[in-house]
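Remarks on the overall topology
Residue-level listing of the chains:
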Amino acid sequence: MKSENSLIEEIVSLSKRKGFVFQSSEIYGGLNGFFDYGPLGVELRKNIKDAWWEDMVRRRDDVVGLDSSIIMNPKVWEASGHIDGFTDPMVDCKESKMRYRADQLFAAEILVDEESLGWVSVIESETMEADALKKAEMVKRKAAKQGELQKLSLTSYDELNPDQQEQVPSPATGKPGSLTPPREFNMMFETHVGALKDGSSKSFLRPETAQGIFANFKNIVDTGRVKLPFGIAQIGKAFRNEITPRNFIFRSREFEQMEIEYFIPPGEEEWKKFHQEWIGVRKAWFKGIGLTDDHLGEEVHPQEKLAHYAQACTDITFKFPFGEHELEGIAARGNFDLTQHQKYSGKSLEYFDEGSKQKFLPHVIEPSLGVDRTFLAVLCSAYSVDEIDGEKRTVLRFHPRVAPIKAGIFPLVKNKPALVERAKQLYSKLQRKWNVTYDQGGAIGRRYRRIDEAGVPFGITIDFDTVEGDGSITVRDRDTTEQVRMSEEELFAYMDSKIST
RNA sequence: GCGGGCGUAGCUCAGCUGGUAGAGCACCACCUUGCCAAGGUGGAUGUCGAGGGUUCGAAUCCCUUCGCCCGCUCCA
């Protein structure tokens, strides 16, 4: 465990040292749950997003793109259920300092022959009925009461009135009086549109990008020349006022999502087929950007834990140093969202199917992932420390496609003008095509190590054979540190083939 | 939100029975260097997280606050 903690610490420290991730507004002491991406970070992020957009939108005939606004008509969030459902009423026990979700804390009055002996409380579980009964019998025995214990009717804490809530004992201490009234936490950030700050101007920063897609469904069907099955893809920022942001950029309050709503015909057969298909597509994509098989996993949400609108949900997980967690959720959402928006907007969102001559609300498969989580997974996957001639080396083994800098160009030594000039020439040529870097400071070995730490896949060195011999340059491989000589034309083809797989 | 630990140079950290700051690495310049963190010379760098208090004097003691890590709690 200790080594795993220090691994994430090393990655956080490297992220800052090399300019991948900074704490937001750090000079003012930072702000919990917000992050800034530095020169290398912004490139890596962009490459991840570009790879996704390229593979999921441009190279597919059945997916189109969208960029919807962050602030939308607040009715969108009424329809989606976020205003009511994105709230978790919480109860604190002042004595034991434990916190419970009010809807998971159940209580019942203990009645013996119509006489109250107080209340029992239990935390929601499969055995809670039996647990409550046991506790109630204990109370009865202590009170030395004869008579028959009436059947307990367990009610969740948030449905009790304040007087009743006061009598509920804390599950931790067994005594009443230490529980607070339920307090609401809505995870949506509120803001106001326009100069007036009254109730009518209240609006929200979107907690997910998906609703922007659903809200635009009709626009795209009407204009996009799309036919079922088809997807609408979007990359964009979303905001959640998380109670406890944790684990570096894994759970932050401002994050970026890459989501597809893939619309399909209704029917059990249909969604099962497409759901499975998308799990395969998405897993392959992660491997394609360099996440290794041994880090990736799948987690099928059990039926009883699904959100009320979902038919199924499978997570693609990644083994982070702090545990295995969700990278992407692939949900079968039925037609819940379109149904809701049709109801709240009063506009028909039905799709007319040419083949069957039928009108219906399409169902949807939603592959949804976080850019920042993917970023962290790529970083964790790439991070390694190896040894070269007995010296420790930190190296980020990014897949060339996502690597922030593709190549470093070096004159072997800087005090020979011919080498320097030739290296700068090549640098400006490569610069037109890729993000590359030029470095002439220090010994060549030091410069190699510098680019290793930044995850640059290719080190290109101009030596005396380049300027006095056949003109060939040397290309060093970051992972093996082996070098091959090739001509300049070969270099372009070589890099191209490695980067654009 | 609660409990515990912590915040000193870009990074890792030392200094903390109060006397206004150091090391290693990194960085910049020049010299040197014919392939994997070589060497030399010189240089820049911190109102010691922030605010307040005690004191002649605070990085060091006290309070508040912000942030980070861990555990609870939460997590479309």
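Each remark here, short or long, concerns the structure printed above.
These numbers were taken from a predicted model, which means no experiment stands behind them. (Residues numbered from 1 in each chain as written. Chains lettered and ligands numbered in written order. Predicted model: local features only at pLDDT ≥ 70, side-chain atom pairs only at ≥ 80, totals over all residues. Heavy atoms only, no water.)

Some words on the environment of Glu208
With respect to the helices, strands and loops of the structure, Glu208 is situated in the loop between strand S10 (202-204) and helix H7 (210-215). When the C-alpha positions of Glu208 and Ser252 are compared, they lie 13 Å apart, and in sequence the two are 44 residues distant. If we skip the residues at most four places from it in the chain, Glu208 touches Trp77, His82, Ala238, Arg240, Gln257, Glu259 and Arg333. Within the structure, the side chain of Glu208 is placed 2.9 Å from the side chain of Gln211, a separation counted as a polar contact. (Helix = DSSP H or I, 4+ residues; strand = E, 2+ residues; numbered from the N terminus. Contact = heavy atoms within 4.5 Å. Polar contact = N/O pair within 3.5 Å; in protein donor to acceptor, adjacent residues only side chain to side chain.)

Observations regarding the pairing of strand S6 (residues 105-112)
The buried count for S6 comes to 6 of 8 residues, which makes it a mostly enclosed element. Examined bridge by bridge, S6 and strand S7 (residues 115-123) share 7 bridges and lie antiparallel to one another. When the bridges of S7 are listed, Ala108 appears paired with Val120. Adjacent in sequence and paired antiparallel, S6 and S7 are bridged by 2 residues, among which Asp113 carries a positive phi angle near 50 degrees. As paired elements, S6 and strand S8 (residues 155-156) share 2 bridges and run antiparallel to each other. The partner of Ala107 across the bridge, within S8, is Thr155. (Buried < 20%, exposed > 50% of the residue type's maximum accessible area, 1.4 Å probe, protein only. Pairing = 2+ DSSP bridges.)

Focus: the packing of helix H12 (residues 417-431) against helix H15 (residues 488-499)
For the pair H12 and H15, interaxial distance at closest approach is 12 Å and the crossing angle is 40 degrees. Judged by the inter-axis angle, H12 sits oblique to H15. Remark: the crossing between H12 and H15 carries right-handed chirality. For the pair H12 and H15, contact is made by Arg422, Leu426, Lys429 and Leu430 and by Glu488, Leu491, Phe492 and Met495, respectively. Residues of the contact of H12 with H15, tallied by class, amount to 5 nonpolar, no polar and 3 charged. (Axes fitted to C-alpha atoms, helices over the stretch in contact; angles between N-to-C directions. Parallel < 35°, antiparallel > 145°, perpendicular 65-115°, else oblique. Left-handed = near helix turned anticlockwise from the far one by under 90°. Nonpolar A, V, L, I, M, F, W, Y, C, P; charged D, E, K, R; others polar.)

Looking at the sheet that holds S7
Across the sheet, 3 strands lie side by side as S7-S6-S8; this open sheet has antiparallel pairing. Each edge of the open sheet is held by one strand with a lone partner, namely S7 and S8. Sheet contacts for helix H5 (residues 128-142): S6 and S7; angle to S7, the most-contacted strand, approximately 145 degrees.

Digging into H12
Taking 1.5 Å per residue, 15 residues should reach 21 Å; H12 reaches 21 Å between its end C-alpha atoms and fits that length. Turning to H12, its buried residues are Leu419, Val420, Ala423, Leu426, Tyr427 and Leu430. Along the long axis of H12, the arc covered by the buried residues comes to 135 degrees, so they all point the same way. More than 90 degrees from the buried face of H12, the exposed residues found are Pro417 and Glu421. Where H12 is buried, its residues meet strand S21 (407-411), strand S22 (436-438), strand S23 (458-462), helix H14 (464-468), strand S24 (473-477) and H15. (Expected span 1.5 Å × (residues − 1). Arc of directions from axis to C-beta.)

A closer look at the packing of helix H2 (residues 39-58) against helix H11 (residues 371-382)
Where H2 contacts H11, the two axes come as close as 10 Å, and the packing angle between them is 110 degrees. Here H2 is positioned roughly perpendicular relative to H11, judged by the angle of their axes. Between H2 and H11, the residues in contact are Gly41, Leu44, Arg45, Ile48 and Lys49 and Val371, Asp372, Thr374, Phe375, Val378 and Leu379, respectively. Looking at the contact of H2 with H11 residue by residue, the classes come out as 6 nonpolar, 2 polar and 3 charged.

Quick word on the packing of aromatic side chains
What the rule picks out here adds up to 21 aromatic pairs. Aromatic pair Phe34 and Phe189: ring centres 6.5 Å apart, planes at 55 degrees, arrangement tilted. Taken together, the residues Phe34 in the loop between strand S1 (21-23) and strand S2 (35-37) and Phe189 in the loop between helix H6 (162-167) and strand S9 (190-192) connect sequence positions 155 residues apart. Residues Phe34 and Phe189 agree in their burial class; the two are buried. Members of the aromatic cluster, connected to one another through ring pairs, are Phe214, Phe217, Phe230 and Phe263. Looking at Arg45, its charged tip hangs above the ring of Tyr37, at a distance of 4.3 Å from the centre. Above the face of the Phe250 ring, Arg373 is positioned so that its terminal group lies 3.9 Å from the ring centre. (Phe/Tyr/Trp six-rings, centres within 6.5 Å; stacked < 30°, edge-to-face > 60°. Lys NZ or Arg CZ within 6 Å of the ring centre and 35° of its normal.)

Overview of the sheet that holds strand S11 (residues 230-239)
Reading across from one edge, S3-S11-S12-S18-S15-S14-S13 is the order of the 7 strands in this open sheet, with mixed pairing throughout. Unpaired on one side and paired on the other, strand S3 (63-66) and strand S13 (296-300) mark the two borders of the sheet. Each adjacent strand pair in this sheet contributes to an overall mean axis angle of 25 degrees, direction not counted. Looking at chain direction, S13 and strand S14 (residues 312-320) are connected through 5 bridges and run antiparallel. Residue pairing for S14: Glu299 is matched across the bridge by Asp315. Contacts from H2 reach S3, S11, strand S12 (254-264) and strand S18 (363-370) within the one sheet, and its direction differs from that of S11 by about 160 degrees. Taken strand by strand, H11 contacts S12, S14, strand S15 (323-334) and S18, and its axis lies near 40 degrees from that of S14.

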